[in-house]
Amino acid sequence: MRKVAWYSLPLMLSLFLLAGCAVLNRYQTDGTLQLRGLDSPVKVVRDEKGMAYIYADSLDDAMRALGYVTAQDRLFQMTLTRLFAAGRIGELGGEKAKGLDIRHRTLGFHRQAIAHARKLEQDTRRFIQCYVDGVNAYIQDGRDSFPLEFKLAGISPEPWTLADSIAILYLMSWDTSANLKTEIVAQLLVEKLGQQKAREIFPLIVNPDDEVSRADAAGGYPMASAGIQTDKMLLGFLEGGSHAMGSNNWVIGPGLSVGGKPVVCNDPHMETRILPGPWYPAGLVTPDNRIVGVHLPGLPLMPIFRNRSVAVGVTNAYGDMQDLYVETVDPANPDHYLEGNRSIPFAVVQEKIRIRDKKAKMGFREEPITIRYTSRGPVVSDVLKGLETDQVMSLRWAPFENMSPSLGVTDLINANNVGDIRRALAMANIIMLNFAFGDADGNIGWHVSGRLPIRNDGDGTVPFVVADGRDNWRGFVPFEQMPHAYNPERGWLGTCNHHTVPHDYPYYFSSYQSPSYRYRRLKQLMETPGEKTVDDHWRYQRDTFNLMAEKLVPYMVEVLETSPQTHKLAEILKNWDLYDDIDAVGATLFHSIYERFAWLTFSDELGEDLAKHMLGLWYFWQERFQLMVLTDHLGAWFDDTTTAGTVERKPEILIRAALDARAMLSATMGSNPDRWLWGNVHQHSFVSPIRREGFGKGLFGGGTHPAAGSVEVLYRGRYEYNDPYSVTISAALRMVADLADEDKVLAVLSGGVTGRVFHPHAKDQIGAFMDGEKMYWWFSDREIANHHRSVLMLTPTAEPSH
């Protein structure tokens, strides 16, 4: 008994600590509080998940209250996001964050946001400012209930500004604009292999709804040997973004819906390891509207929501809004660059970054940085030493050239039909997303937002060499000609980050799109006979059938059966049902062989570093590699160039990959294949932003869980090619909004509502998220009342007497 008591003491102390810290990290959710700026009282009802439903007499007051409750729950998360966007994360992360700060200062999200804020028209400015006022009311008056994270991190909240919110919009747009990575890798391939050989493995873009629309990336642009392989600044842009987004969305019309009205489904794929997850859910109820949806804390735009009349979901469209330019430095004056014979001075911006440093006075040191601009945009590389002249690379990004006075935010959430949504999206120039939507009248639609450059020649796969002052962008695609569809005959629309434009689309759209596997699987599910229930859609979002494996496994089995060394592996693959489930041995073996097969195919020609860069961009190579495996296309790539005098063929390399995979799995999981369960390697860890690793990670985090899914299936569980198999990107939200259901929306978050360690709603949705349990956003007054756990009245402050 004494031994049991002794061993229980650490647990008891931990539970005592948890209970004490939980009390410390709470905030007021009952009773009455004064909120400066309100015109009328506001009621905040919180449900069993801690989700706030705001009852206000006006949208202005609703937004003030939304800012306040978001700050209550997510102020620390908002602060981190602001630091990222402004290039200030080094103030928290120290030296290791310096490179990221330099890149974000160079891009200038916050500088641009300040300029954009000045241009906003009155309604848009007022909408965002009301939210900002609510955030600042909490920062000013809620000091006693600030999240414990601020003390643990050693920082303090700062007043929020309208520019801070817009900077987050630019950051989100940047993180969803992935073509820059394609350009860098493509340029590296050209410099390593030469143009002709490099083009062989450039991305293959496929539209499953238009098989004629198979496009080999890269046409027309001249390519230069710029020597970027050692440029640390430029290669830093290959690192992932904090709000990188993939996603699936679809909408069905009345003919396929059991309830007779459209159903909108959305699962945006983002970084979900960091608690409580990126999305903040809330309800807004005013005399004119009723809305439930999510926004990124600090950015009061609800891209995913339903109101009384419409429902909307988004995915990343991956339209190419970025171009790199090879600029020539004037050899007679290094402070100038050349456009033909014209020597033009670089525009220069001087800034200082603060870096946390224990050795420095006051705990921080400052370092000056110099940012140079050409007429196209900021210089994003160091000086590249050419054979004849020095070069630099500049970046041009469409959102910086399209600062609309209106963001369409109020028009979108107040939309009554798909026509209203279309008009609102016409003003959403900053970010390029696939919006899928439906209205209560039975109409459905899909439209791509943002501004797509019209290029004079070629595409944006490789950097453009500046030879003179001519502009290679000749405008932007009109909104009416952006990819879209309304009320199709088949009765549904959907996107999975795939190539959506037809073969006769008059403009170059992108060379970086998702392989077609997820969308092809969605088509299979949607084309099954009969009406679809809400439960069907919930199941589709968690579907793990791997269509890529369906194509590749028969070839793998055929080859592996020919060798006694791999015959057992062939049997495992043959018996696998092709679902990436946690108990599937075949899934573990398939992914291990597939990824090793790709490595052996490309690494000998590319070298280790470049192979890691290219293979780390799944979208860059997967469709091309499948074509190479299943046909005689580019068979020479399978030869191992490191074996002089021997020419290996594809089957030999596949067998070698299988043997390597078996050895790696045996070393990590044991020699018995029965133990090679997918959920034993493919796992999802949830951590606190203040303790991502080391001591305290488990205490502050949400544990590690076996995870179904993979890179290629609808139930997304993406991991990094170069660091398998821990999940880095997954659905951050799963939502099924049935416009026939006036009571609720089926929805679950990846973590929880509240971004406070030890709080009961910081990670209470993880179990449902991982297991598929249904959770809801409540929509009707009756259901909100039935599920309420607290009511907070926010009242206007008394005006001072004069």
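For the structure, see preceding data.
So, a few notes on the structure that sits alongside this text.

The rules behind each value
The residue numbering used here restarts from 1 in each chain and proceeds along that chain's sequence as written. Predicted model: local features are reported for residues with pLDDT of at least 70 only, side-chain atom pairs are reported and counted for 80 or more only, and whole-chain, interface and lining totals are derived from all residues. Excluded from the side-chain calculation are hydrogens and water; included are all heavy atoms of the structure. Axis geometry follows a simple rule: fit a line to the C-alpha atoms, using only the stretch in contact for helices, then measure angles between N-to-C directions, giving values from 0 to 180 degrees. Helix numbering and strand numbering both begin at the N terminus, where a helix is a DSSP run of H or I of at least 4 residues and a strand a DSSP run of E of at least 2. Roughly parallel means an angle under 35 degrees; roughly antiparallel, over 145; roughly perpendicular, 65 to 115; everything else is oblique. In this scheme the handedness of a crossing depends on how the near helix is turned from the far one: anticlockwise by less than a right angle means left-handed, clockwise means right-handed. Contact definition: two residues touch when any of their heavy atoms are within 4.5 Å. Under the scheme applied, nonpolar residues are Ala, Val, Leu, Ile, Met, Phe, Trp, Tyr, Cys and Pro; charged residues are Asp, Glu, Lys and Arg; polar residues are all the others, including Gly. Burial classes: relative accessible area under 20% of the type maximum marks a residue as buried, over 50% as exposed, and values in between as partly exposed (1.4 Å probe, protein chains only). Pairing between strands is defined by DSSP: at least two bridges between the two strands are required. Throughout this description, the term salt bridge denotes a Lys or Arg side-chain nitrogen within 4 Å of a carboxyl oxygen of Asp or Glu. Here a cavity is any set of points on a 1 Å grid over the protein atoms alone where a 1.4 Å probe fits but cannot get out, and a pocket is any open set with protein on both sides within 12 Å along at least 5 of 7 lines; a residue lines the site when it has an atom within 4 Å of a point. Grid points are joined across faces, edges and corners, and a volume is the space filled by probe spheres set on the points. Any pair of Phe, Tyr and Trp rings, taking the six-membered ring for Trp, is counted once the centres come within 6.5 Å. Such a pair is stacked with planes under 30 degrees apart, edge-to-face with planes over 60 apart, and tilted for the rest. Pairing of N or O atoms within 3.5 Å defines a polar contact, subject to two protein rules: one partner must be a possible hydrogen donor and the other a possible acceptor, and residues neighboring in sequence count only if both atoms are side-chain atoms.

### Quick word on the packing of helix α18 (residues 585-606) against helix α21 (residues 650-669)
Relative orientation of the contacting elements α18 and α21 amounts to 125 degrees, with a least axis distance of 8 Å. Taken together, α18 and α21 sit at an angle that is classed as oblique. Judged by the sense of rotation from one axis to the other, the crossing of α18 with α21 is right-handed. Where α18 approaches α21, its residues T588, L589, S592, I593, R596, F597, L600 and T601 are matched on the opposing element by K650, I653, L654, R656, A657, A658, D660, A661, M664, L665 and M669. Grouping the constituent residues of the contact of α18 with α21 by class yields twelve nonpolar, three polar and four charged.

### A look at the pairing of strand β19 (residues 390-397)
For β19, the buried fraction is high: seven of the eight residues fall into the buried class. Pairing analysis gives seven bridges linking strand β13 (residues 322-329) to β19, with the strands arranged antiparallel. Following the sheet pairing, Y325 is matched in β19 by S394.

### A look at the pattern of salt bridges
By the definition in use, this model includes 45 salt bridges. For E366, the salt bridge goes to K352, with nearest N and O atoms at 4.0 Å. Placement of the pair is E366 in strand β17 (residues 364-373) and K352 in strand β16 (residues 347-356), with a sequence separation of 14 residues. Judged by its relative accessible area of 48%, E366 is partly exposed.

### Describing empty space enclosed by the protein
Counting across every chain of the model gives five cavities of 30 Å³ or more. Roughly 280 Å³ of volume is contained in the largest cavity. Lining the largest cavity are 21 residues; nearest its centre among them are L301, L407, A428, I431 and F435. Per-element accounting of the lining of the largest cavity gives the leading share, four residues, to strand β11 (residues 299-306). Each residue belonging to the lining of the largest cavity can be placed in one class, and the counts come to 19 nonpolar, two polar and no charged. Lining the second largest cavity are H684, A707, A708, Y715, R716, G717, V727, S730, R734, F769 and M770. Those elements that place two or more of their residues in the lining of the second largest cavity are β30 (723-731) and α24 (766-771). Residue composition of the lining of the second largest cavity, grouped by class: six nonpolar, three polar and two charged.

### Side note on the packing of aromatic side chains
Enumeration over the complete set of coordinates arrives at 42 aromatic pairs. When the ring of F202 is compared with that of F620, the centres are 6.4 Å apart and the planes differ by 80 degrees; the resulting orientation is edge-to-face. Separated by 418 residues along the polypeptide, F202 in the loop between α10 (195-199) and β4 (204-206) and F620 in helix α20 (residues 618-630) bring together distant segments of the chain. Just as F202 is buried, F620 falls in that class too.

### Describing the layout of surface pockets
A volume near 340 Å³ is recorded for the second largest pocket. Only α18, α21 and β30 provide two or more residues apiece to the lining of the second largest pocket.

### A word on the sheet that holds strand β7 (residues 263-267)
Pairing in this open sheet of six strands is antiparallel, and the strands run β26-β6-β7-β31-β32-β33 from one edge to the other. Edge positions in the sheet fall to β26 (492-495) and β33 (776-778), since each has one partner strand and no second. Mean inter-strand twist for the sheet, computed between neighbouring axes without regard to direction, equals 15 degrees. With three bridges connecting them, strand β32 (residues 744-749) and β33 associate as antiparallel partners. Bridging across to β33, V745 finds its partner in W777. Relative to β26, helix α14 (residues 517-526) is tilted by about 160 degrees, and along the sheet it contacts β6 (248-252) and β26. Sitting on the sheet, helix α15 (residues 534-541) is in contact with β6, β7, β31 (733-738) and β32, with an inclination near 160 degrees to β31.

### Regarding the side chain of N249
Looking at where N249 falls in the secondary structure, it is placed in strand β6. Since its relative accessible area comes to 0%, N249 is described here as buried. For N249, the side chain forms a polar contact with the main-chain oxygen of N434, separated by 3.2 Å. Here T495 takes part through its side chain, which lies 2.5 Å from a polar atom of the side chain of N249.

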